[in-house]
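As a plain string of letters, each chain reads:
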Amino acid sequence: MFAAMLGEAWHAMGANRLRTFLTMLGMMIGVGAVVLMMAIGEGAQQSIKRSISSMGSNLFIVLSGPPNAGAARSATGNAATLNVRDADAISELDVVSSVAPVSMGNAQIIYSGNNWNTSIIGTTPSYFQVRDWSISEGYIFSDSDIRSATRVALIGKTVVENLFGDEIDPVGKTIRIKQSPFVIVGVLDRKGQSLDGRDQDDTIIVPLTTAQRKLFGNQVPGSVRQILVQAESDKVMTQAEEGINNLLRQRHNVREGSDNDFSVRNLTAIANTAAETTRTMSLLLGAIASISLLVGGIGIMNIMLVSVTERTREIGIRMAIGARERDILLQFLLEALMISIVGCLIGVLIGIGGAMFVKTFFGTDAVVSTQSISLAFIVAASVGVFFGFYPARKAAKLNPIEALRYQ
Amino acid sequence: MDRVIEVSHLYKSYETAAGPFSVLKDVNLIIEKGDYVAIMGPSGSGKSTFMNILGCLDSPTSGDYFLDGYDVAHLGGNALAQLRNKTIGFVFQGFNLLARSSLLDNVALPLVYSGQDKRIRHEKAKQVLTKVGLAQYFNSRPNQISGGQQQRVAIARALVNSPTLILADEPTGNLDSKTSEEIMTLFDDLNKEGITVILVTHENDIAAHAKRQIRFLDGKVIEDSSRAEPAMVEEIV
Ligand SMILES: Nc1ncnc2c1ncn2[C@@H]1O[C@H](COP(=O)(O)OP(=O)(O)O)[C@@H](O)[C@H]1O
Ligand SMILES: [Mg+2]
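Residues numbered from 1 in each chain as written. Chains lettered and ligands numbered in written order. Predicted model: local features only at pLDDT ≥ 70, side-chain atom pairs only at ≥ 80, totals over all residues. Heavy atoms only, no water.

K.L.:
Pulling in residues and values, what's your account of the overall build of chain A?
P.N.:
Across its full length, chain A carries 13 helices and 12 strands. Its C-alpha atoms give chain A a radius of gyration of 33 Å, clearly above 22 Å, the size a compact globule of 407 residues would have. Among the 407 residues that make up chain A, the fraction classed as buried is 47%. In chain A, the share of contacts with a sequence separation of at least 24, taken over all contacts with a separation of at least 6, comes to 78%. Of the roughly 19,400 Å² of accessible surface on chain A, a fraction of 57% belongs to carbon and sulfur atoms. For chain A, the separation between the mean place of its 35 positive charges and that of its 34 negative charges on side chains is 6 Å. (Helix = DSSP H or I, 4+ residues; strand = E, 2+ residues; numbered from the N terminus. Rg over C-alpha atoms; globule rule 2.2 N^0.38 Å. Buried < 20%, exposed > 50% of the residue type's maximum accessible area, 1.4 Å probe, protein only. Contact = heavy atoms within 4.5 Å. Areas by Shrake-Rupley, 256 points an atom, 1.4 Å probe, with all protein chains shown as cover. Lys, Arg positive; Asp, Glu negative; His and termini not counted. Charge placed at Lys NZ, Arg CZ, Asp CG, Glu CD.)

K.L.:
Explain the overall build of chain B to me, and be specific about the residues and the numbers.
P.N.:
In terms of helices and strands, chain B carries seven helices and 10 strands. Over its C-alpha atoms chain B spans a radius of gyration of 18 Å, differing by no more than 12% from the 18 Å that the globule rule assigns to 237 residues. With the C-alpha coordinates of chain B rotated into their principal frame, the extents come out at 55 × 45 × 40 Å. In chain B, which comprises 237 residues, the share counted as buried stands at 52%. Once local pairs closer than 6 in sequence are excluded, the contacts in chain B between residues at least 24 apart make up 71%. For chain B, the exposed surface amounts to about 10,500 Å²; the carbon and sulfur share of it is 49%. A distance of 9 Å separates the average location of the 24 positive side-chain charges in chain B from that of its 29 negative side-chain charges.

K.L.:
Could you give an account of the interface of chain A and chain B, naming the residues involved and the relevant values?
P.N.:
Counting from both sides, the interface comprises 24 residues of chain A and, opposite them, 19 residues of chain B. Between chain A and chain B the total buried area reaches about 2,000 Å² when both faces are included, carbon and sulfur atoms providing 60% of it. When the area that chain A buries against chain B is broken down by residue, the three leading residues are A:Ile317, A:Ile321 and A:Ile401, summing to 29%. Taken together, the links from chain A to chain B amount to one salt bridge. Summed over the shared surface of chain A and chain B, the number is five residue pairs in polar contact (both at pLDDT 80 or more). When contributions to the side of chain A that touches chain B are tallied by element, the ones reaching two or more residues are helix H1 (2-15), helix H10 (312-320), helix H11 (325-362) and helix H13 (400-405) of chain A. Split into classes, the residues belonging to the side of chain A that touches chain B amount to 13 nonpolar, three polar and eight charged. (Buried area = accessible area lost by both parts, 1.4 Å probe. Salt bridge = Lys/Arg side-chain N within 4 Å of Asp/Glu carboxyl O. Polar contact = N/O pair within 3.5 Å; in protein donor to acceptor, adjacent residues only side chain to side chain. Nonpolar A, V, L, I, M, F, W, Y, C, P; charged D, E, K, R; others polar.)

K.L.:
Talk me through the site of ligand 1; I want residue IDs and the actual numbers.
P.N.:
Not every one of the 13 residues close to ligand 1 is listed here, only the nearest: B:Gly44, B:Gly46, B:Lys47, B:Ser48 and B:Thr49. Of the chains in the model, those with residues near ligand 1 are chains A and B. In the model, an oxygen atom of ligand 1 is placed 3.1 Å from a nitrogen or oxygen of the B:Gly46 main chain. At 2.9 Å, a backbone N or O of B:Lys47 approaches an oxygen atom of ligand 1. Counting residues per element, the ones that place at least two in the shell around ligand 1 are strand E1 (3-16), strand E2 (19-32) and helix H1 (47-54) of chain B. At three residues, the largest contribution of residues to the shell around ligand 1 is made by H1(B). Class assignment of the residues belonging to the shell around ligand 1 gives a composition of four nonpolar, seven polar and two charged. (Near = heavy atom within 4 Å.)

K.L.:
If you had to explain the domain arrangement of chain A to someone new, which residues and values would you point to?
P.N.:
Domain parsing of chain A yields domain 1 (2-51 + 276-405) and domain 2 (101-227). Once you take the C-alpha centre of each, domain 1 of chain A and domain 2 of chain A turn out to be 56 Å apart. (Domains from an automatic or database assignment.)

K.L.:
Which residues make up the sheet that holds strand E4 (residues 62-67) of chain B, and what values go with them?
P.N.:
All names here are of chain B. Spatially, E2-E1-E4-E5 is the arrangement adopted by the four strands of the open sheet, whose pairing is antiparallel. The outermost strands of the open sheet, each flanked by one partner alone, are E2 and strand E5 (70-71). Contacting E1, E2 and E4, H1 runs over the sheet at an angle of about 125° to E1. (Pairing = 2+ DSSP bridges. Axes fitted to C-alpha atoms, helices over the stretch in contact; angles between N-to-C directions.)

K.L.:
Summarise helix H6 (residues 177-192) of chain B; cite the residues concerned and give the values.
P.N.:
Residue and element names in this part refer to chain B. Compared with the 22 Å implied by 1.5 Å per residue over 16 residues, the 22 Å span of H6 between its first and last C-alpha is a close match. Within H6, burial applies to Thr179, Ser180, Ile183, Met184, Leu186, Phe187, Asp188, Leu190 and Asn191. Sitting at the amino-terminal end of H6 is Asp176, which places a side-chain oxygen 3.1 Å from the backbone nitrogen of Lys178. (Expected span 1.5 Å × (residues − 1).)

K.L.:
I'd like to hear about the nonpolar core, residue by residue, with values.
P.N.:
All names here are of chain B. Grouped together as the largest cluster of nonpolar side chains are 76 residues, with contacts concentrated most on Ile5, Val7, Ile39, Phe50, Leu54, Leu67 and Ile198. In this structure, Leu54 is in contact with Ile5, Val7, Tyr65, Leu67, Ile88, Leu167 and Ile198, ignoring residues within four places of it in sequence. Formed by 39 residues, the second largest nonpolar core is a distinct cluster that contains Phe95, Leu129, Ala158 and Ala207. (Core = buried A, V, L, I, M, F, W, Y, C linked by side-chain atoms within 4.5 Å.)

K.L.:
Mind laying out the sheet that holds strand E8 (residues 196-200) of chain B, listing which residues take part and the relevant values?
P.N.:
Residues and elements named next belong to chain B. Spatially, the six strands line up as an open sheet ordered E6-E7-E8-E3-E9-E10, and their pairing is mixed. Of all strands in the sheet, those with a lone pairing partner are strand E6 (88-91) and strand E10 (220-224), marking the two edges. Each adjacent strand pair in this sheet contributes to an overall mean axis angle of 20°, direction not counted. Relative to E10, strand E9 (residues 212-217) runs antiparallel, the two being bridged by four bridges. Paired with Phe216 across the strands is Val221, a residue of E10. Along the sheet, helix H2 (residues 77-87) contacts E6 and strand E7 (165-169); its crossing angle with E6, the most-contacted strand, is approximately 75°.

K.L.:
Any details on helix H3 (residues 84-91) of chain A? Residues and values, ideally.
P.N.:
Residues and elements named next belong to chain A. For H3, every residue scored as buried is listed here: Asp86, Ala87, Ala89 and Ile90. The buried residues of H3 occupy one face: seen down the axis, they fall within an arc of 160°. For H3, the elements touching its buried residues are strand E2 (82-83), strand E3 (96-111), strand E11 (226-231) and helix H8 (237-251). You can read the cap of H3 off the contacts: a side-chain oxygen lies 2.9 Å from the backbone nitrogen of Arg85, and it is on Asn83. (Arc of directions from axis to C-beta.)

K.L.:
Describe the packing of aromatic side chains, and please don't skip the residues or the numbers.
P.N.:
Scanning all chains against the criterion turns up eight aromatic pairs over all chains. Ring geometry for A:Phe386 versus A:Phe387: centroids 5.0 Å apart, planes at 85°, classification edge-to-face. A relative accessible area of 61% places A:Phe386 in the exposed class. A centroid spacing of 4.9 Å and a plane angle of 20° characterise the contact between B:Phe90 and B:Phe92, whose relative ring orientation is stacked. Each member of the pair, B:Phe90 as well as B:Phe92, carries the same accessibility label: buried. Linked through ring pairs, A:Tyr127, A:Phe128 and A:Phe141 together constitute an aromatic cluster. (Phe/Tyr/Trp six-rings, centres within 6.5 Å; stacked < 30°, edge-to-face > 60°.)

If you want it as structure tokens, here you go:
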């Protein structure tokens, strides 16, 4: 009997194709929007997750200059109040596992006539541990390279592509950074995008001392603008932050009550906040998109009410030959459900298509998850039942005599 | 003989803007199994109202109605639907077929509501359609056949669940006299097979097919051919 009713619902849908299609359209657009929005949200979350795991774990960044210098502060903007001895002192703290002083800037690099502008990071070998970064070719420079400020460089994949192309193996080649020759000793593993959207592979890493003396020309010897600090574990983050603050205040002779000449930022906390924000954003996107589902549902209810009125006589006939209230209820509920489910099916396809479109033309990550599809189906079915119920009940409660006498 | 229908002190009134409007006034009637009854009477005398009550489509305001032994007044909606489905076959003046469905599906529809599976539905529907002489029209739509043929489809639909009682409210009202005769021959045959037939008609020659004629006037039975003398003659005037 259920099969027979499904068949009838299918026929009823086919009886007025244009109307059925227009009714479905609301559902299609709604589901399509939900699937697409959730795909964009999911894509954003995944890329954030990748960025966070590429950042390194339990990370602090100590920046030179007072903390209220504002967000506009850049690595090159402020006076360098930190130095490598601060970094050494921090590494003595119990809860700190690794420390890497960083001096950075931009520079033009040249290899046999090819030019490329990229960011130069001057640091120590512990940087690779802190950032959880390794190399795919060659070797990482050593502490002795730091001591003697050798002109060696590790090169990121993006720089390799732009300077060397696919053909040439960069290891062992000499490039010019700000006119000085540097020998490439290794190629960095691919890291992808950072949290703030920079390409982390568009970089060259050189020994800290080399950068300070030969590239950026420090006024104060040994000064750095950043120190990256990795704590032992996520449980000692507050302890580590306090330790760094106290230590540096003491070392910099900051008096009780006056401001720090440095600032400590918990990068891991910032990253988690970013992830949380993205999650909230994608939920919000989904929620806004679901409003169109609601509108689609109201459209279904509207058409079902019209349909019940138009088919009053048919309902009367069915009752006269033995349809029970629940048979009529089920019939109209099935019709509403079928419209919403078929609409949902097409909507999912639209959503997937939209996600592919967004990915190809805007480069935004859009990941259609099975969860979002099953969610769309559940919501569509609920919308069908919810908005189909009232018209179906209206049909089922008709008086057979009056229904038969209709028009 | 078994009583298919037993109606006593049946009243029906409609609520109208001008107050209650009495349509049936103390109708008493017993119809035996296998009987063939024609109900006659002027328009507005309450024939259709009475038929609808007999067909469990409407309920009386007061009075008793026993159908096949069931006290209809005390049955719930589902039980009434089941009576309409299995015990009664209703034939309307206006055929009342589903325009979008094939004749086969129209005829098979009552079987959907009695939960038969598709194979049995089609088998039985073909059987009754063949019986009413429409074997070559299984897949036609109602608008592709004549009125007389449509009424045959409606009769086939009424028959498909093997009812004990066929109720027909002016079944020939929309048909010409030749077609009417053919339809009446069909009812005659059904009655010969033992099905109780009750039909409403205005025409004497149609009513002559029945074994028993009942006349309604102003919501009352004023004449019943099965009784020796007309009932309540004094009220005719
Ligand atoms: N739903 C209703 N509300 C009010 N009056 C009605 C209703 N149905 C029928 N009537 C009235 O009841 C009377 C009997 O109607 P009906 O049973 O259809 O008569 P018949 O079939 O004998 O012509 C008519 O006067 C009709 O107007
Ligand atoms: Mg009538």
